[in-house]
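Residue-level listing of the chains:
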Amino acid sequence: MKFVFTLCLMCLSLPAISKSVSQVQINGLLQVPDARAFEMIGYEEETEYQYESVHDAIQTLFTSGFFSDIQVYEDQGVLTFELLERPSIGLLVIEGNDLIPTEDLEKGLTRSSLEVGEFYKPDTLNQIQQELQRQYYALGRYNADVEVITEEMPRNRVSVTINIDEGETAKIVHLNVIGNQFFTEEEITKDFLSMETGFFNPFGSGDEYAKPKIQADLDSLKSYYLDRGFLDFEIVSSQVSLSQDKQDVYIVINIEEGPQYFVDEVLLNGELVLEEFEIFEKITQEEGDVFSRARATKDLETVSALLGDHGYLFTKVNIIPEKLEGDKVKLTYHVTPGPKVYVRRINFSGNSETRDEVLRRQMVQFEGSLANHSNIQQSKRRIERLGYFGEVTLRTIPVKGSNDQVDIDISVEEQPSGSIQASIGYSEGDGMQLGFGISKRNFLGTGNKASFNISTSDTKKAYTLSYDNPFFTVDGISRGFDVFYKTTDYDEDDEVEDYSLDSLGATVRFGYPISDTQRITFGVTAKETKIQLGTDPSNETSDYVNQYGDNFDDIIGSVTWSDSDLVGGMLPTQGYSTRLSLSLTTPISDQEYGKLDLNSQRYWSLNGSNLWLLRLKGKLGYGFGYGGSEQLPFYENYYAGGVYSVRGFDSSSLGPLNSYPSTSSETPDALGGNISITGTAEFIFPMPMVEDHKSVRTAFFIDAGNVFTDNCYSGNTGCEEGVDLAEIRFSAGFSWTWVTPIAPLSFNLARALNAKTGDDTDAFQFQLGTTF
């Protein structure tokens, strides 16, 4: 930078002389408005301008960062500022970044006024360049390089290219803890995110060095010792060394364990609004126990919740540990309950479709009543279990001007609860399968479910209309009905015997809540069934028709017990569900049979989040005849194989085979069975580069199952009575599900693991409109 203002400098050297000019002009402005420039130098039109102000004006102009050169001179009573503006940024490009999103980098540049149209500031850009380099170092990318390339453009502009070479992450080749005596290094580092590179993690990232990861490991190490009574534990130092090529990292952690402390006594003080024994019942640490910070923290939360259940919603409970001789510690719980709190209002937001009453009827905490911590949390859980919302957030907000009132604000994020469904499936045995349906789990925002579905394949057609009202009465009794018509023609199915079946019926059901998660449902179904055997029927089907007929009118009663605590909507992330049902034909029916079914599933979080999950699912079914019927009707048999049971095997292909007369040329087909055993284990994991894990799910799975029978036709060598666990079939594969705004989209790729001679396998299914 150079200054040419000789006249001004001469005047400033003579402090006794005060000189001023009446006219000031500024040349060289392109982007900076004239008014802004005159404001910087402190000149107002039609006023005298003092020479003493020139120094401050020049400093202000340079500090603005808009100008690269400033010249000041006087000519014939006119003071002139000759300015050279910095070029503006005409183009800004960021290349080579994968770890740090471009959007985040652009936000950082914008905050520093580095964007298209702004002035190019090399100093600021250099600072950002160094900060980026530091961030990559923190991520273990020590050979990362950030290069800024500028090129001149017309009209005093420049293009700026930030070229990032992220390099490779340095690997941890040695991680050692020094000073541990009470525990082995394997014990204290088992929960570390960082690990040494080795044979067992060739595809993992545990051996990649990152400063935040090391800090998390140090916190984990400290928690490990504090949770085991080592109150004096200290991390003396943590040293990180690099190899010469910056690719290998050596980490040494020095610690001092100190003594292990045991609880001497537990005391209470403060304002005890409850009986001491009630509070002590919630405290798990007792005299003689090894002190644990984790248990102490849990006890604090439990005691706070206890007081919250009595209206003291803003209770503060602190624990004061006092070290005593002999490695003992005295624990004092100090309780500050505050005033009792009442709920003034309960507000809902985010439910643009769902009516307030649908949410409000799930609340067990009421307006105007004493606030209750358990009731508030239970209300949130009940709303989550509705399945209409991807996320439910609850906040308890004190009312301004009152110390004993709160408002409860519940914000929900609605999921698509309705869909126009289309399903497309393909299997090697059944070929293309098509379906169409309209379903609304939250019909008109009322919380009721309505659906109409049509499904068709080479063998089956089904038409179903359903409606369910979960709050038919205000106390939670539900009512629902189904109307259905189903036709089945196995003429085109190579796996099942050729016969046709028509069913027309309707169901009415009522459900009664017996707890917050449990319900008993009673139902009655009236159904007409017509059977038409093929030209060459099997021994099993012809024997049944000859004995019982081919046209049946049945009234079937059912009772179902269900217990569901699933949370997460279409793709649950936590909780469980169990369903046990018994259906039985009534005495006025043409047939006498029943079915007992048990379905259960549960989700476990593997790392405390909703991204890495384990899901176990199982189904058991048993059908039986009673009275004058010795067996379950053959068309009511269970089948196994396909997308809803054992993926990797063809649909309905597993289990016992039927038999034909010796004069028949037909080959045995799948008969199904009156006993069904199936199960699934899924390892659910987040798909890389996918941010919306609430609507996208990927999983590796193992399926197992088969069907069996306890009533084989005499002389049938393809059927064995009873359950033989050696005949359980297994498959493994990969599934991908995306809950689109229209309907769920699913892919299943599976491989049969123990297929036997005669089994038909099916590797791939694609579906739009259903989830497994």
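Relevant structure appears above.
Computed from a predicted structure; not experimentally measured.

Honestly, the overall build of the protein in this entry has me stumped. Any pointers?
Helices and strands together make up the secondary structure of the protein, namely 12 helices and 35 strands. Relative to its length of 772 residues, the protein is extended, with a C-alpha radius of gyration of 38 Å against a globular reference of 28 Å. Projected onto its principal axes, the C-alpha positions of the protein cover 130 × 75 × 60 Å. By residue count, 42% of the 772 residues in the protein fall in the buried class. Contacts spanning at least 24 positions in sequence make up 60% of the contacts within the protein whose residues lie at least 6 apart. Within the structure as shown, the protein displays about 39900 Å² of accessible surface, and the carbon and sulfur contribution to it stands at 52%.

Please explain the side chain of Ser466 as it appears in this structure.
Examined against the element boundaries, Ser466 turns out to sit in strand E21 (residues 460–469). Taking the relative accessible area as the measure of exposure, Ser466 reaches 14% and is therefore buried. Within the structure, Ser466 has its side chain in polar contact with the side chain of Asp482 (distance 2.7 Å).

Got a minute to help me understand the pairing of strand E25 (residues 551–564) in this structure?
When a strand is regular, its side chains alternate between the sheet's two faces. Sheet topology note: the strand E24 (residues 518–533)/E25 ladder contains 13 bridges and is antiparallel. Paired with Ala526 across the bridge in E25 is Ile555. The pairing of E25 with strand E26 (residues 575–585) spans 9 bridges and is antiparallel. From the neighbouring strand, Ser564 faces E26, where its bridge partner is Ser577.

When you look at a negative patch on the surface in this model, what are you seeing that I'm missing?
There is a patch of like negative charges on the surface, built from Asp145, Glu147, Asp165 and Glu168. By the secondary structure assignment, Glu147 is in strand E7 (residues 145–153). The class of Glu147 is partly exposed, set by a relative accessible area of 39%.

Looking at this model, I keep getting lost on the packing of aromatic side chains. Mind explaining?
Here the distance between the centres and the angle between the planes together describe a pair of aromatic rings. Overall, the coordinates contain 32 aromatic pairs when judged by the stated rule. Plain terms: the ring middles of Tyr225 and Phe233 are 4.4 Å apart, the flat faces sit at 10° to each other, and that makes the pair stacked. Taken individually, Tyr225 and Phe233 each receive the classification buried, so the pair is uniform in this respect. The structure contains a cluster of three or more aromatic residues connected by ring pairs, namely Phe182, Phe183, Tyr224, Tyr225, Phe230 and Phe233. Its guanidinium or amino end placed over the ring of Tyr638, Lys595 lies 4.4 Å from that ring's centre, counting from NZ or CZ. Arg647 extends its terminal NZ or CZ atom over the ring of Phe701, reaching a point 3.6 Å from the ring centre.

Help me understand the pattern of salt bridges, please; the structure alone is not making it clear to me.
Pairs can form between side chains of opposite charge once their charged atoms are near each other. Counted according to the given criterion, the structure contains 25 salt bridges. Between Arg134 and Glu131 there is a salt bridge; the shortest N-O distance is 2.6 Å. Taken as a pair, Arg134 and Glu131 lie in helix H5 (residues 122–138) at a separation of 3 residues, close to a single helical turn. Using a relative accessible area of 47% as the deciding quantity, one classes Arg134 as partly exposed.

Teacher, can you tell me more about unusual backbone geometry here?
Negative phi is the rule for most residues except glycine; trans is the rule for most peptide bonds. For Asn156, which is not glycine, the phi torsion reads 55° and is therefore positive. Looking at the secondary structure, you find Asn156 in the loop between E7 and strand E8 (157–165). Unusually for a residue other than glycine, Asp327 sits at a positive phi of about 55°. Position of Asp327 relative to the elements: it lies in the loop between strand E13 (316–324) and strand E14 (328–336). A relative accessible area of 34% means that Asp327 is categorised as partly exposed.

Sorry if this is basic, but what is going on with the side chain of Asp69 here?
Its location among the elements puts Asp69 in strand E4 (residues 67–75). Judged by relative accessible area, which is 13%, Asp69 ranks as buried. Here Gln71 takes part through its side chain, which lies 3.4 Å from a polar atom of the side chain of Asp69.

Before we go on, may I ask you to explain the sheet that holds strand E16 (residues 389–398) in this structure?
Think of a sheet as strands paired side by side through backbone hydrogen bonds, with each pair either parallel or antiparallel. Pairing is mixed in the open sheet, where 3 strands are placed in the order E15-E17-E16. Each edge of the open sheet carries a strand with a single partner, namely strand E15 (342–349) and E16. This sheet shows a mean twist of 15° between the axes of neighbouring strands, independent of strand direction. As paired strands, E16 and strand E17 (residues 405–414) are joined by 9 bridges and run antiparallel to one another. Among the inter-strand pairings, Arg395 is bridged to a residue of E17, identified as Asp409. Helix H11 (residues 373–385) rests against E15, E16 and E17 of the sheet, and its axis sits at about 160° to E16.

Help me understand helix H2 (residues 34–41) in this model?
An α-helical turn contains 3.6 residues, so a residue and the one three or four places further along point in the same direction. All of the buried residues along H2 are Ala37, Met40 and Ile41. Looking down the long axis of H2, one finds its buried residues gathered within 90° of arc, a one-sided arrangement. Relative to its buried face, H2 has exposed residues pointing more than 90 degrees away, namely Ala35 and Glu39. Tucked into the core, H2 has its buried residues touching strand E2 (23–27), strand E3 (49–50), helix H3 (54–63), E4 and strand E5 (78–85).

Parameters and conventions
Residues numbered from 1 in each chain as written. Predicted model: local features only at pLDDT ≥ 70, side-chain atom pairs only at ≥ 80, totals over all residues. Heavy atoms only, no water. Helix = DSSP H or I, 4+ residues; strand = E, 2+ residues; numbered from the N terminus. Rg over C-alpha atoms; globule rule 2.2 N^0.38 Å. Buried < 20%, exposed > 50% of the residue type's maximum accessible area, 1.4 Å probe, protein only. Contact = heavy atoms within 4.5 Å. Areas by Shrake-Rupley, 256 points an atom, 1.4 Å probe, with all protein chains shown as cover. Polar contact = N/O pair within 3.5 Å; in protein donor to acceptor, adjacent residues only side chain to side chain. Pairing = 2+ DSSP bridges. Patch = residues over 30% accessible without salt bridge, like charges linked within 9 Å, V, L, I, M, F, W, Y side chains within 5 Å. Salt bridge = Lys/Arg side-chain N within 4 Å of Asp/Glu carboxyl O. Lys, Arg positive; Asp, Glu negative; His and termini not counted. Charge placed at Lys NZ, Arg CZ, Asp CG, Glu CD. Phe/Tyr/Trp six-rings, centres within 6.5 Å; stacked < 30°, edge-to-face > 60°. Lys NZ or Arg CZ within 6 Å of the ring centre and 35° of its normal. Axes fitted to C-alpha atoms, helices over the stretch in contact; angles between N-to-C directions. Arc of directions from axis to C-beta.

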